[in-house]
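# Coordinates in review
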Amino acid sequence: MKTIVSMLGLVGAAAFIAALYLNAPSSGPVEAREEAKADCRMVAVDVDEGYGVTLKVLRPVCAKAP
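Structure report, in brief. This structure is a prediction, so every number in the text was calculated from the model and none was measured.

### Describing the overall build of the chain
A tally of regular secondary structure across the chain gives 1 helix and 2 strands. Every one of the 66 residues in the chain was classed for burial, and the buried ones make up 2%. Taking the contacts inside the chain whose residues are at least 6 apart along the sequence as the reference set, 3% of them involve residues at least 24 apart. Of the roughly 6,500 Å² that the chain leaves accessible, carbon and sulfur atoms contribute 65%.

Pasting the structure below:
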C-alpha cells in the first residue's frame, strides 16, 4: 500500500512539474526602442509631497508629435 501511494505521489509531482514547465511564459526577443526618446529631454520638476516637503525629480519632456 505504501508503495502505491508513493508511486502515485511521485507521478503526481512529475505531472505537476511538467505542467509548470509547459505553461511557463517564454522570453521572446528583446529590442531597444531608443529612437522613440530621441526628441525628449530631461527636466527637473519640483514635486510637492505635502507638509512643506518638496523634492526635485527628473522627468522626460518630449515634443508633441505633429
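Okay, back to it.
### A closer look at the pattern of salt bridges
Counted by the stated rule, this structure contains 1 salt bridge. Of the charged contacts in the structure, one is a salt bridge between D46 and K56, with a shortest N-O distance of 2.9 Å. With a gap of 10 residues between them, D46 in strand 1 (residues 40–50) and K56 in strand 2 (residues 53–62) connect regions that are remote in the sequence.

### Looking at the environment of C62
Within the fold, C62 resides in strand 2. C62 gets classed as partly exposed once you look at its relative accessible area, which sits at 43%. Sequence-wise, C62 and R41 are 21 residues apart; in three dimensions their C-alpha atoms are separated by 6.4 Å. Leaving out residues up to four positions away in the same chain, C62 has contacts with D39 and C40.

### Remarks on the state of the cysteines
Summed over the entire model, instances satisfying the criterion amount to 1 disulfide. One disulfide bridge connects C40 with C62, the sulfur atoms lying 1.8 Å from each other. Residues C40 and C62 share a disulfide whose torsion about the S-S bond is about 105 degrees; that sign makes it right-handed. Residue C40 is located in strand 1, and its partner C62 is located in strand 2; the two are separated by 22 residues in the primary sequence.

### Let's talk about the pairing of strand 1
One ladder, built from 10 bridges, connects strand 1 with strand 2; its direction is antiparallel. Looking at strand 2, one finds that A44 is bridged to L58. The loop that links strand 1 with its antiparallel partner strand 2 comprises 2 residues; one of these, Y51, has a positive phi angle of about 60 degrees.

What counts, and where the lines are drawn
Residues numbered from 1 in each chain as written. Predicted model: local features only at pLDDT ≥ 70, side-chain atom pairs only at ≥ 80, totals over all residues. Heavy atoms only, no water. Helix = DSSP H or I, 4+ residues; strand = E, 2+ residues; numbered from the N terminus. Buried < 20%, exposed > 50% of the residue type's maximum accessible area, 1.4 Å probe, protein only. Contact = heavy atoms within 4.5 Å. Areas by Shrake-Rupley, 256 points an atom, 1.4 Å probe, with all protein chains shown as cover. Salt bridge = Lys/Arg side-chain N within 4 Å of Asp/Glu carboxyl O. Disulfide = S-S within 2.5 Å. Pairing = 2+ DSSP bridges.

Geometric descriptors of this kind do not, in isolation, establish any biological role.
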